[in-house]
Amino acid sequence: MSTEASKNSEVLLRVEHLKNYFPVRQGLLSRVTAYVKAVDDISFEIGVGETLGLVGESGCGKTTVGHSVLRLINPTEGTVLFQGKDLTHLPAAELRAMRQDMQIIFQDPFSSLNPRMTVGAIIGEALAIHGRGDRKERAEMVRDTMQKCGLDPAYINRFPHEFSGGQRQRIGIARALVLSPKFIVCDEPVSALDVSIQSQIINLLVELKERYNLAYLFIAHDLSVVQYISDRVAVMYLGKIVELADSTELYRNPLHPYTQALLSAVPVPDPTRRKQRTLLPGDVPSPLNPPSGCRFHTRCPLAIDICKKVEPRELDVEGHKVWCHVVEEQITGSPPSS
Amino acid sequence: MHTYIIRRILISIPLLFGLLTINFFLIHAAPGDPTDIFYNPDMDPEARENIRRIYGLDQPLGVQYLKYIQGVVLKFEFGYSIAKKRPVKDEILEALPNTIQLSALALLLELSLGIGIGILAAVKQQSTFDNATRVTALTFYSMPSFYLGLVLLFLFAGGVSATHWFPASGMVDIVRHESMSTLGRLGDRAIHIFLPSLTLGIGAAAGISRYMRGELLEVIRQDYMRTARAKGLTERVVVFKHGLRNALMPIITIMGLSLPFLFSGAVIVEQVFGWPGMGRVAVDAAFQRDYSMFLAVNLIFGAMVVVGNLVADILYAMVDPRVRLS
Amino acid sequence: MNRIVRITSLGLFFTSLSCSPSSTPGDSPSDSAQRVIEVEARPDRGRSEEHNLEFEARWNELYNTPHDNGDTLVIGTIGDADSLNDLTSAAITGSNVIGLLFLSLTRTNPDFSHAPSLAESWQFSEDHLELTFHLRDDVFWHDGVKTTAHDVKFTFEKQISPNIGWATIKWKQFIKECVVVDDYTVKFIFERLYPYQLMDAVVGAVLPKHILEKVPDEEMVSTDFNRNPVGNGPYRFKEWKAQQYIEVEANENYFAGRPPLDRIIFKVVPDQENLALQLKSGEIDFMDGVPPRFFEELARQENLVAYIAPGRSYSYLGWNLLNPLFQSKKVRQALTMAINRQEIIDSLLFEFGEIPKGPVLPIIWAHHPNLPDFPYDPEKARQYLAEEGWKDSDGDGWLDKDGQRFSFTVKTNKGNQIREDILILVQDMFKEVGIAVRPNILEWTVFIGDMDKKDFEAAVAGWSVGLKMDMTTIWHSDSINDKFNFVSYSNPEFDRLNDAAIFEMDSEKAKQMWWRAQEMIAEDQPYTFLYSPKDINFVHRRFQNVQMETVGWNYNLEQWWVPKDKQKY
């Protein structure tokens, strides 16, 4: 089983050494006193029609990754190659044109829709911007997309506040879909929704993906949602990817203690199958002042001395990548050296 | 919507009526009476009594009240001003348009300056411009308008001859205005209204600019702004179409609530710049215990507040589809 | 003292900010011209019934000497008029405009005597109870109707109507009747003999009967005439914009000839700083009652001429004589000696004032030049107080007597900066002698309400002095309750003297009585007479024939003119 996207399809998106540091300003003169290292040197690829799940606790930087990838925020360092073009240095006009192929669905269906625009305007605006069709054709495209997303086209002139959360997220999806993009960042698209609605939306996303051969970067904070939709899954902790593997492989054989902890928190449908729960002590440390060595060592139940001092290397076990001194020791049989 | 407006106006009638009643008894309870302006040793107490009788001030308070209310309700008459020797209505009809003119321009300045600077400061957050306007806004916001007025007077209205660009008082050049061309008259009016409206508007503009900056920064953080960017819109469209229109909504409320402050500010500014408006009428009426004038002025200020709030609500409903007036 | 500095700093701001870049004091040619003119105080001949031929000749001179017509005079005034109808006007601006629009039977000379105006001549009957005026037959109302004796009679009847509320109705109290003899002859019949019969007969502007006879008395206060007056004087009404300006224009048909200035505009500017600024920048041409703090800066302006006129008002610190604290004459004298009045005048009036020793100012004929005085002497003040039992027995720095500390509140009204400042100065001065004073500054109507109710211990206030010598309303014991004897001064001997002096026809005898009356008040010190401010006026240099007099800055306003080459408008 391979985790390389390129194996079964061509690479759509390649992220290399992405860093996102946010300056912290203090005092009367607003001098920069420190940086929040929200994303600190991560790399991954997504192939055409492939879904990469990105999982982590809130504050780990996964949303920043999603936004950086689309250059909704400018990365501090690193490259984002979309269809071979480096987005990070693309002129604004070209970037805007590129946006037809890459879209995003936001977490909060309430705040991500402009409250003062009708559904038709929200969905159709991008069409007008990119010069797709005339007014009439555009209205048709909007209706059509609404239909595809399970919305009654009769509601085209309503305002977002007249819809329920699930319907609003459908509007968000329709909005992203209307340009027929190749790639969509799904930024926790269901976490703000009722559990009963969540599966409907997930099903819709899966259906659309298959129908239009879409690639997703699917961001979520719990593994259960990701499991269902993703081809591969990356686990993030404090701005770094700690484990990246094929979806089924990761769930069956989580290597990183953090992944294991996350998985143990996933509710299990079968009540007879009892799993030992790993409870993580303490809170996520501040990304303003991340721990030395392995960032997870402050909360890791298995941490050894070296974890405090040395950052773990990438360990690739047949495409199953993991960054952990303990795992490295177990697999290679020798203590990791600095 | 229409029924809403009509109902709001109907509701405000008892409110204004209550205001009138409370003010009536308050001003009569205040020490002194309108004949105090005739206070000099040459005036016999007999003459004062005559005046009191002519204006009905010798009658019991209840009777005076009923007569006054009767005039207001049945004939829309607001009585006679003792200090101005003319019907209250005449004086107000002369002064009110001037105050509206001044306040309207001040409001325009307040909004255009405040919103403009607020947007720039938000878009260029943490820039020199942002920092400079923050300090400037704080200065103007906390500066009493009479002081600012005096400073502007001395700087630009004759105190320093090199920068004597504006007249120091009035609405027009009273000597030359009539002999001017239409364009000249317009210019004459413009240079007369500039300093007072600036004085009146700049403090509020400073406030609005900070609100605007805050609101816009708040809005800029919203997901739908990212949504708009994700659609591939240019930054200008994002800020102005998606950001500004949402950020402006609270400004409308602030504007509606600031109307009464605009009028109370006019009281001071009109005094400093000799602007012949309601503010001066109000001050004179209060100090001279010119009862009828005082009541009418307060009624109008009260009505302005009601109308201001109503207009703000209506505007709000117009710009925000989530608000329904019912 | 530093509190005073703070309070007046706004005025200083004006001076310091505005003087630097503009004024260039030096030896420019116009510098040699006189820039500050002291207005001469003339002997008061207000009781005179004779013509003063010298002043009349001076007055007529202008109409016989060549002068230019044209230009506009802009007069800055702090308050708007209330009415331009003499029957209903109470504000000073109104009476200044009325003086240009309307004629009275006579005009006041600089010495307060009477000069012909609407009446060419007048004479008393043998018994001095009938006064006959012979009117000019060439005076027209501005609408073309002739002014006649019927207008005079009509005006008198309106003046005494209780349903109109004319402010000076009291002046007509001894006039029984006004009789039209013929169209140009009118006669006043008096109930009794007294020195001011002529003055009482002529006071008030004559009004047009043909217009006002249609107005019921009760509606006089609100009639349209109040704002659209039709007069017969040298200027005719043109326009009045409330709170902005009142404009009058030359009356081409004025009996004495067209007045030189085309227009006179009274510009309302409700702020003194602003007025002074406009005077400096030339937006207004004239201002009276200029606050002393602006004098220095304005006197530097080459375009302005200052006229300093003797004071016609005084300010006082009145002691409530009903209060046990102030019932001793010696205590009151000590209080006066505790106050450094010269310092008040120097620091608050910038030396533009004098210390009055009594209530009758030098401009009045009955003024007593040598009254007993109680000059600043804190040592003597303490001694006087000690003699009255006020000593600092417990050594806390404050005087006491029978366990009671000597302390009181001084009230005054808001809005008069000098009075407010006085309270603070006086507080420090009294502290020197061990008396604790609390200042209390009240809104005007509240303040006079308290004064009326005798609800005060001491108060700073002021009186402007009328033309008639009469001390009744302020000092007579009959005036304690409903008139202006706030301090409740009660002296039977004074009352008797005052009542007799009012009706004494012999000037010399009357003077002796008034002198005696003033001595009593000076001795009793029911007031500490603080200061009498000089009246500072500034006028633009281009105006010629400006003759300011103690009767008023506008004595010959209708005769001001500007040479053609200097005309501004």
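Here the structure is a predicted model, which means the values were calculated and not measured.

Colleague: What's the story with the overall build of chain B in this structure? I'm lost.
Modeller: Along the backbone of chain B there are 11 helices and two strands. Listing each helix as α and each strand as β along chain B from the N terminus yields α-α-α-β-β-α-α-α-α-α-α-α-α. Dimensions of chain B, computed from C-alpha atoms along their principal axes, come out at roughly 85 × 60 × 40 Å. Counting the 326 residues in chain B, one finds 53% classified as buried. A sequence separation of at least 24 residues applies to 72% of the contacts in chain B between residues at least 6 apart. When the accessible surface of chain B is totalled, it reaches about 14300 Å², and 68% of it is carbon and sulfur.

Colleague: Help me understand the overall build of chain A in this model?
Modeller: Counting secondary structure elements, chain A contains 12 helices and 12 strands. Its C-alpha radius of gyration of 21 Å places chain A within 12% of the 20 Å reference for a compact globule of 338 residues. With the C-alpha coordinates aligned to their principal axes, the bounding extent of chain A is approximately 70 × 60 × 40 Å. Across the 338 residues in chain A, those meeting the buried criterion constitute 53%. Once local pairs closer than 6 in sequence are excluded, the contacts in chain A between residues at least 24 apart make up 63%. Carbon and sulfur atoms form 49% of the exposed surface of chain A, whose accessible area is close to 15400 Å².

Colleague: It is not clear to me how the interface of chain B and chain A should be interpreted in this structure. Could you clarify?
Modeller: Note on interface size: it is often stated as the accessible area lost on association of the parts. On the side of chain A, 28 residues touch chain B, which itself brings 21 residues to the contact. Both sides of the chain B and chain A interface together cover about 2400 Å² of buried area, and 55% of this is carbon and sulfur. It is B:Ala230, B:Lys231 and B:Pro321 that lose the most area in chain B upon contact with chain A, and together they represent 26% of the buried surface on that side. Linking chain B with chain A are 13 residue pairs in polar contact (both at pLDDT 80 or more). Broken down by class, the residue content of the side of chain B that touches chain A amounts to seven nonpolar, seven polar and seven charged.

Colleague: Any chance you could explain the nonpolar core here in plain terms?
Modeller: Core analysis: the biggest nonpolar cluster contains 191 residues, and C:Phe133, C:Phe188, C:Phe406, C:Phe408, C:Phe430 and C:Trp560 have the highest contact counts within it. For this core, the element with the highest residue contribution is helix H11 (residues 291-319) of chain B, accounting for 11 residues. With near-sequence residues (within four places) excluded, C:Phe406 lies in contact with C:Leu325, C:Phe326, C:Val331, C:Leu335, C:Leu385, C:Trp390, C:Leu399, C:Asp400, C:Gly434, C:Ile435 and C:Ala436. Core analysis: the next-biggest nonpolar cluster, separate from the first, contains 68 residues, B:Leu150, B:Val172, B:Ile202 and C:Phe538 among them.

Colleague: What should I look at first to understand the packing of aromatic side chains in this one?
Modeller: The relative placement of two aromatic rings is captured by the distance of their centres and the angle of their planes. Residue and element names in this part refer to chain C. Under the criterion given, the structure shown has 48 aromatic pairs over all chains. Its end group placed over the ring of phenylalanine 503, arginine 192 keeps NZ or CZ at 3.4 Å from the ring centre. Lysine 468 extends its terminal NZ or CZ atom over the ring of tryptophan 171, reaching a point 4.2 Å from the ring centre.

Colleague: Help me understand the interface of chain C and chain B, please; the structure alone is not making it clear to me.
Modeller: Contact with chain C, which involves 65 residues of that partner, is made by 61 residues of chain B. Both faces combined, the contact of chain C with chain B buries some 5200 Å², and carbon together with sulfur accounts for 60% of it. The interface formed by chain C and chain B contains four salt bridges. Between B:Glu91 and C:Arg227 there is a salt bridge, with its nearest N and O atoms 3.9 Å apart. Here chain C is connected to chain B by 17 residue pairs in polar contact (both at pLDDT 80 or more). Elements that contribute at least two residues to the side of chain C that touches chain B include exactly helix H2 (9-22), strand E2 (72-77), strand E9 (235-241), strand E11 (263-268), helix H8 (272-281), helix H14 (444-452) and helix H15 (472-475) of chain C. Tallied by class, residues from the side of chain C that touches chain B come to 30 nonpolar, 17 polar and 18 charged.

Colleague: Where do I start with the sheet that holds strand E5 (residues 119-124) of chain C in this structure?
Modeller: Sheet strands associate in pairs through backbone hydrogen bonding, adopting either a parallel or an antiparallel arrangement. All names here are of chain C. Taken together, the four strands give an open sheet; going across it, the order is E5-E6-E8-E7, and neighbouring strands pair in antiparallel fashion. On the outer flanks of this sheet lie E5 and strand E7 (175-182), each paired with one strand and no other. Pairs of neighbouring strands in the sheet enclose a mean axial angle of 20 degrees, with direction left out of account. With five bridges joining them, E5 and strand E6 (residues 130-135) adopt antiparallel strand pairing. What sits directly across from alanine 119, in E6, is leucine 135. Of the strands in this sheet, E6, E7 and strand E8 (185-190) are in contact with helix H5 (residues 149-159), which crosses E7 at around 165 degrees.

Colleague: Would you mind going over the sheet that holds strand E20 (residues 458-464) of chain C with me for this structure?
Modeller: All names here are of chain C. The six strands lie next to each other as E15-E21-E14-E20-E18-E19, forming an open sheet whose pairing is mixed. Both outer strands of the open sheet, strand E15 (353-354) and strand E19 (436-442), are each paired with one neighbouring strand and no more. For strand E18 (residues 407-413) and E19, the ladder comprises seven bridges, and the chain directions are parallel. Looking across to E19, one finds that serine 407 is bridged to alanine 436.

Colleague: In this structure, what is going on with the confidence of the model for chain A? I would like to understand it.
Modeller: Fine structural detail should not be taken from predicted coordinates in areas where pLDDT scores are low. Residue and element names in this part refer to chain A. Residues with a pLDDT of 70 or more make up 91% of chain A, whose mean pLDDT is 86. Element-level pLDDT for chain A is lowest in helix H1 (residues 5-8), with a mean of 47, against a maximum mean of 94 in strand E3 (residues 51-55). Residue range residues 1-7 is modelled with pLDDT below 50. Its contacts to residues more than four positions away, or to other chains, number 18 contacts.

Colleague: Explain the packing of helix H4 (residues 119-129) of chain A against helix H5 (residues 135-148) of chain A here, please?
Modeller: Helix-helix packing is described using two parameters, namely the angle between the two axes and the distance between the axes. All names here are of chain A. The contact between H4 and H5 brings their axes to 9 Å, and the two run at 120 degrees. Between H4 and H5, the crossing angle belongs to the class labelled oblique. In this structure, H4 meets H5 at a crossing whose hand is right-handed. Within the contact between the two elements, H4 uses Val119, Gly120, Ile123, Gly124, Leu127 and Ala128 and H5 uses Arg138, Met141, Val142 and Met146. Partitioning the contact of H4 with H5 into residue classes produces seven nonpolar, two polar and one charged.

Colleague: What should I look at first to understand the arrangement of the chains in this one?
Modeller: Here the protein chains form two pairs of chains in contact, of which the pair with the most contacts is chains B and C. Between chain A and chain C there is no contact, and the shortest C-alpha to C-alpha distance separating them is 32 Å.

Colleague: Quick question: what am I supposed to make of H14(C) here?
Modeller: Structurally, the α-helix is built with 3.6 residues per turn, so residues lying three or four positions apart point the same way. Burial within H14(C) is extensive, with seven of its nine residues counted as buried. Within H14(C) the residues assigned to the buried category are C:Thr445, C:Val446, C:Phe447, C:Ile448, C:Gly449, C:Asp450 and C:Met451. Packing partners of the buried residues in H14(C) comprise helix H10 (278-287) of chain B together with strand E14 (313-319), E18, E19 and E20 of chain C.

Parameters and conventions
- Residues numbered from 1 in each chain as written.
- Chains lettered and ligands numbered in written order.
- Predicted model: local features only at pLDDT ≥ 70, side-chain atom pairs only at ≥ 80, totals over all residues.
- Heavy atoms only, no water.
- Helix = DSSP H or I, 4+ residues; strand = E, 2+ residues; numbered from the N terminus.
- Buried < 20%, exposed > 50% of the residue type's maximum accessible area, 1.4 Å probe, protein only.
- Contact = heavy atoms within 4.5 Å.
- Areas by Shrake-Rupley, 256 points an atom, 1.4 Å probe, with all protein chains shown as cover.
- Rg over C-alpha atoms; globule rule 2.2 N^0.38 Å.
- Buried area = accessible area lost by both parts, 1.4 Å probe.
- Polar contact = N/O pair within 3.5 Å; in protein donor to acceptor, adjacent residues only side chain to side chain.
- Nonpolar A, V, L, I, M, F, W, Y, C, P; charged D, E, K, R; others polar.
- Core = buried A, V, L, I, M, F, W, Y, C linked by side-chain atoms within 4.5 Å.
- Phe/Tyr/Trp six-rings, centres within 6.5 Å; stacked < 30°, edge-to-face > 60°.
- Lys NZ or Arg CZ within 6 Å of the ring centre and 35° of its normal.
- Salt bridge = Lys/Arg side-chain N within 4 Å of Asp/Glu carboxyl O.
- Pairing = 2+ DSSP bridges.
- Axes fitted to C-alpha atoms, helices over the stretch in contact; angles between N-to-C directions.
- pLDDT = per-residue confidence, 0-100.
- Parallel < 35°, antiparallel > 145°, perpendicular 65-115°, else oblique.
- Left-handed = near helix turned anticlockwise from the far one by under 90°.

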